[in-house]
Every structure is written in C-alpha cells, then in structure tokens.
Amino acid sequence: MFSYYGSKRQLAHYYADPQHDLIVEPFAGSAGYSLHGNRWRKDVLLLDRDTRLVGVWEWLIGEATRAAILALPELRVGETSREFLSIASVATRTVNSLSTAVVTPSMVAAWEQSRSYLAADISKIKHWHVRSGEYTDAPDVAATWFVDPPYEGYVGDGYAYGSPGLDYIRLATWIRSRAGQTIACESGVAGYLPFEPLRAGTDNPDDAHAEFIWSHHTER
Ligand SMILES: C[S@@+](CC[C@H](N)C(=O)[O-])C[C@H]1O[C@@H](n2cnc3c(N)ncnc32)[C@H](O)[C@@H]1O
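Since this is a predicted model, take the numbers as computed values, not measurements.

Trainee: What should I look at first to understand the packing of aromatic side chains in this one?
Mentor: Aromatic ring pairs: the centre-centre distance and the angle between the two ring planes describe each pair. Enumeration over the complete set of coordinates arrives at eight aromatic pairs. Aromatic side chains F27 and Y135 sit 5.1 Å apart centroid to centroid with 25° between the ring planes, which places their arrangement in the stacked category. Of this pair, F27 sits in the loop between β1 (22-25) and β2 (43-48) while Y135 sits in the loop between β5 (129-132) and β6 (142-147), and the two are 108 residues apart along the sequence. Consider the rings of W145 and W174, whose centres lie 5.5 Å apart with planes at 90°: the pair is edge-to-face. Taken together, the residues W145 in strand β6 and W174 in helix α5 (residues 168-176) connect sequence positions 29 residues apart.

Trainee: Where do I start with the site of the ligand in this structure?
Mentor: Neighbouring the ligand are 24 residues; Y4, K8, S30, D48 and D148 lie closest to it. Backbone polar atom of R49 to a nitrogen atom of the ligand: 3.3 Å apart, as the coordinates give it. The side chain of D148 places a nitrogen or oxygen atom 2.6 Å from a nitrogen atom of the ligand. Protein chains bury 99% of the 610 Å² of accessible surface belonging to the ligand in isolation. Of the residues that constitute the shell around the ligand, the class distribution is twelve nonpolar, six polar and six charged.

Trainee: Would you mind going over the nonpolar core with me for this structure?
Mentor: The tendency in soluble globular proteins is for nonpolar side chains to be buried as a group. Counting residues in each nonpolar core, the largest one holds 42 residues, and the members touching the most others are M1, F2, Y15, W57, L60, I125 and W128. The set of elements that each furnish at least two residues to this core consists of β2, α1 (51-61), α4 (105-121) and β7 (179-186). Ranked by residues supplied to this core, first place goes to α1 with six residues. If sequence neighbours within four positions are ignored, Y15 has contacts with K8, Y33, R39, F146, I183, C185, L198, E211 and I213. Membership of the second largest hydrophobic core comes to 23 residues, among which are L166, W174, Y192 and W214.

Calculation criteria
- Residues numbered from 1 in each chain as written.
- Predicted model: local features only at pLDDT ≥ 70, side-chain atom pairs only at ≥ 80, totals over all residues.
- Heavy atoms only, no water.
- Phe/Tyr/Trp six-rings, centres within 6.5 Å; stacked < 30°, edge-to-face > 60°.
- Helix = DSSP H or I, 4+ residues; strand = E, 2+ residues; numbered from the N terminus.
- Near = heavy atom within 4 Å.
- Polar contact = N/O pair within 3.5 Å; in protein donor to acceptor, adjacent residues only side chain to side chain.
- Areas by Shrake-Rupley, 256 points an atom, 1.4 Å probe, with all protein chains shown as cover.
- Nonpolar A, V, L, I, M, F, W, Y, C, P; charged D, E, K, R; others polar.
- Core = buried A, V, L, I, M, F, W, Y, C linked by side-chain atoms within 4.5 Å.
- Buried < 20%, exposed > 50% of the residue type's maximum accessible area, 1.4 Å probe, protein only.
- Contact = heavy atoms within 4.5 Å.

The following block contains the structure:
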C-alpha cells in the first residue's frame, strides 16, 4: 500500500497464501502480506499499536479517494516535514525519527513513488478493518495470522513502538495459541520459536538481512 520500514511488500510472494477467509495482521505496518496478489480480496483485519499509523489506515479505508491521494502535498528538499504518511513512506535506516525529518532528494522521489502505489491500490482495501491496539487485542478467531513484530534485538527508530516494548516469551505463547494458519516472521537470531529460513539456501542466520518464519496450522 505504502512503503514502510520493515515492509513485507517485496517478500510477500515467498509466504504461503492464506487458507482462511479472514487474514489478521496484528502488527500491521503497511500490510505487505495482505496486499500481495489477490489476497486483498479476503476479509482483512489490521491491528497496530501506533495510533498515527492506524489513523492513516482509517483514512485510507474510509474517505480517501484516488484523487485525494494524488493531491497529497509533495515533499520539498530541505523542509522539515512532520507529515506522518510521507515520512513513514520514505523511512530508511538514515531517517532517525518518524516524527520529523529534513527532506532529501531521494525522499522526494520515494514519496512520489509511494503516492502512486497508494493511488493504484486504494480501491482494494475499502472492505478492510483496522484497530488501534496491542496484538493481544485481536479477536481469538480461526484465521490466517500473519505475525510480523519488530524483530527481537532490533535497535533503531524505524517504529514508534519497537522491540524494547515487547516480551518475546509472552509473544511466543500467544503466537502458538492462534487458531487456523499462522505465519510468524523473524530474523535468524531470534530463539523464542523454532524459526526456519524463509528461502532455503538463501536465508542463513549470519546474514543481518535474513528472513525466518515459523508456520503452523490447526484444525479449527
Ligand atoms: C515489522 S513492522 C510490520 C511490517 C508489516 N508486515 C508491513 O508489511 O509493513 C511491525 C509493526 O508492529 C507495530 N507494533 C509494535 N509493537 C506492537 C504491539 N505490541 N502490538 C501491536 N503492534 C505493534 C509497529 O508499530 C510496526 O508498525
């Protein structure tokens, strides 16, 4: 939908397709999994602790139109932008705050591209739902659960709520108790679940960019 730090948009095709009518993303970010291919046609429920991010989703699911998105202001080099959607959309490791950022030429180009992705996808999400809250606030239902928390040990400002705020042992218990199909994402260094490489032969634990998953399917 929009670019976002840690977005799964580029990797989305490596994850198993949803087997249930409902997809829940309890660490929503930009919901890269649910937007891949035809997955957006499912019922989709997003949760995120970041109220600014949820506010953007509420606007996109609600009143936003293609024209309104294309009319969103451009970023200008050198200005200090506080506009959350554009900043989050261009956030990289070099942008050290999601609240304000001094705009660089590459951020201008990234926002242009992000705005056009948004406009192209806006009609897909009008039946989705979003809630602000903790992952534990998600309803206890059988669904396809795509669980993509800030990775354990990640230190940085990519998120307003990152890994220091999470108890990963508690998270592991919660992940294991989901009903339906569960796909949990992590890097190779996390040990709270028996994660396996997402791409066999490519993802190994020594690589900082490696992607790992834990998958599970229950009868219910
Ligand atoms: C790795 S990002 C998700 C990326 C997403 N899969 C995508 O494609 O863009 C993690 C998200 O978890 C959110 N988050 C952090 N702690 C949370 C919590 N306790 N409950 C719910 N969301 C949380 C962050 O605000 C962030 O948006």
